[in-house]
Structure formats: structure tokens, C-alpha cells
Amino acid sequence: MNFILRDLEKIVCVAIFAAMTALGFVNVVVRYLTSYSLASSEELLTNGFLLLTVFGAAIAARTGDHLAVTLLYDLVPAPVRKAILLLATVLSALLLALSAWFCWQLVTNQMSSGIRSYALQIPAWYYSVALPFGFALILIRYLQYARDAFAGRAEPEAANG
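Let us look at the structure shown here. (Residues numbered from 1 in each chain as written. Predicted model: local features only at pLDDT ≥ 70, side-chain atom pairs only at ≥ 80, totals over all residues. Heavy atoms only, no water.)

To continue, consider the overall build of the protein. Assigned secondary structure in the protein consists of 8 helices and 0 strands. In the protein, the succession of α and β elements from N to C terminus is α-α-α-α-α-α-α-α. Taken against the 2.2 N^0.38 rule, which gives 15 Å for 161 residues, the C-alpha radius of gyration of the protein at 20 Å runs more than 25% over that of a compact globule. Dimensions of the protein, computed from C-alpha atoms along their principal axes, come out at roughly 65 × 35 × 35 Å. For the protein, with 161 residues in total, the buried portion stands at 33%. Put simply, 71% of the contacts in the protein that link residues at least 6 apart link residues at least 24 apart. About 10100 Å² of surface is accessible on the protein, with carbon and sulfur atoms providing 72% of the total. Averaging the coordinates of the 10 positive side-chain charges in the protein and doing the same for the 9 negative ones gives two points 6 Å apart. (Helix = DSSP H or I, 4+ residues; strand = E, 2+ residues; numbered from the N terminus. Rg over C-alpha atoms; globule rule 2.2 N^0.38 Å. Buried < 20%, exposed > 50% of the residue type's maximum accessible area, 1.4 Å probe, protein only. Contact = heavy atoms within 4.5 Å. Areas by Shrake-Rupley, 256 points an atom, 1.4 Å probe, with all protein chains shown as cover. Lys, Arg positive; Asp, Glu negative; His and termini not counted. Charge placed at Lys NZ, Arg CZ, Asp CG, Glu CD.)

A contiguous nonpolar surface patch, about 600 Å² in accessible area, is contributed by M1, F3, I4, L5, L8 and I11. Looking at the nonpolar patch, the elements that each hand over two or more residues are α1 (2–6) and α2 (8–34). Among the elements that make up the nonpolar patch, the one with the highest residue count is α1 (3 residues). On the accessibility criterion, L8 (34% relative accessible area) is partly exposed. (Patch = residues over 30% accessible without salt bridge, like charges linked within 9 Å, V, L, I, M, F, W, Y side chains within 5 Å. Salt bridge = Lys/Arg side-chain N within 4 Å of Asp/Glu carboxyl O.)

Here the focus is the side chain of T89. Relative to the elements of secondary structure, T89 occurs in helix α5 (residues 78–113). Residue classification places T89 among the buried positions, given a relative accessible area of 8%.

Counting residues in hydrophobic clusters, the biggest one holds 20 residues, and the most contacted among them are L96, F135 and I138. Elements supplying a minimum of two residues to this core: α2, α3 (40–63), α5 and α7 (130–150). The contact partners of I138, leaving out residues within four places of it in the chain, are V54, A57, A58, A61 and L96. (Core = buried A, V, L, I, M, F, W, Y, C linked by side-chain atoms within 4.5 Å.)

Turning next to the packing of aromatic side chains. All chains considered together, the criterion is met by 3 aromatic pairs. On the numbers, 4.9 Å between centres and 70 degrees between planes, the contact of W101 with F102 is edge-to-face. Ring centres 6.3 Å apart and planes at 75 degrees place the aromatic pair W104 and F133 in the edge-to-face group. Taken together, the residues span a long stretch of sequence, with W104 in helix α5 and F133 in helix α7 at a distance of 29 residues. (Phe/Tyr/Trp six-rings, centres within 6.5 Å; stacked < 30°, edge-to-face > 60°.)

Right, let's talk about the side chain of Q110 for a bit. Among the secondary structure elements, Q110 is positioned in helix α5. Using a relative accessible area of 12% as the deciding quantity, one classes Q110 as buried. With near-sequence residues (within four places) excluded, Q110 lies in contact with I115, A124, W125 and S128.

For α3, which comprises 24 residues, the first-to-last C-alpha distance of 35 Å matches the rise-based estimate of 34 Å (1.5 Å per residue) to within 8%. G64, located one to two residues past α3, shows a positive phi value of around 75 degrees. (Expected span 1.5 Å × (residues − 1).)

Glancing now at the packing of α2 against α3. In a packed pair of helices, the relevant descriptors are the angle between the two axes and the axis-to-axis distance. It is the contact of α2 with α3, at a shortest axis distance of 9 Å, that shows an interaxial angle of 155 degrees. Classified by the interaxial angle, the pair formed by α2 and α3 is roughly antiparallel. Here α2 and α3 pass one another in a crossing that is left-handed. Residues E9, K10, V12, C13, I16, F17, M20, L23 and N27 of α2 pack against S41, L44, L45, G48, F49, L51, L52, F55, G56, A58, I59 and R62 of α3. (Axes fitted to C-alpha atoms, helices over the stretch in contact; angles between N-to-C directions. Parallel < 35°, antiparallel > 145°, perpendicular 65-115°, else oblique. Left-handed = near helix turned anticlockwise from the far one by under 90°.)

Here it is, written out as C-alpha cells:
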């Protein structure tokens, strides 16, 4: 159980990537053998890429491999670096919390309006329901990394170069 809690986003990414690979392969084989394409594969793959990106960002957040502009951080002394890290953590946490909230608003809007996907004609919220949880997971992983960075157990991204 500890493995699942520690590596949930990795498990999700592997499952999504495997499903996307299989779907893409099946679509190519069907198109080659029958000259027809699976119309829904584009819709499924596009939404799969979206989910893969969000859950992949959670992996990067936990390991401190997210994008960062480090010019100012690298130029200041260590005590000021802590202040910059604190400010960046607060602003990032706010952004991620708002992203999760707005994605939840998207899901509730899609559910109440009854909007459907363009190819499969399934409720559009089926694709969006994982987004608020993905952003919440990024927030949790980022806060875990920030905790470790403040405690000196992890090197902040800026110091890694």
C-alpha cells in the first residue's frame, strides 16, 4: 500500500501510456488492413496526452525537476534563497490549488450542462474528472518536495543548475 501512495502518479502514467500505445497500434493495424480508421482514437489519445501531462507534472514536482528560472536565486546568499524558496512555494501552491478548483468547476459545469464528446458522444466530464485530482496530486507532491528542501533533505531545483 505504501508503494501505491508513494508512486501513484507513476502507476497512472504507466497505465495511460500503455493504453495509448495499444490504442495507437490497433488504429494503425486497422487502418492498414481495412483502409478505415478508428475515429474515436484521436479523441481518446488527445485526452490521454492531457492526463499524461498532468500526472507527469506530479512526478516532476515530487523530484524537484519542474521548470525554474534560477538567475536571481543563484546570485543571492543562502538566507535570501530560503525566502525566495518560501515565496515560490506559496505562489506555486496557490496556483496549483486554484488549478484544481477551476478544473473541478469545469467538471461540475460539464456534468450540469450535459455536454458530450465529439467522437464517442460520451459525457465530456469522463475525460475531465481526473484533472482536479491530478492538480491536487501535483500540489501534494510539490509541498512534499518543498518540505524536504526546507529541511535540507532535498536540493532545490535552482541549486541543481
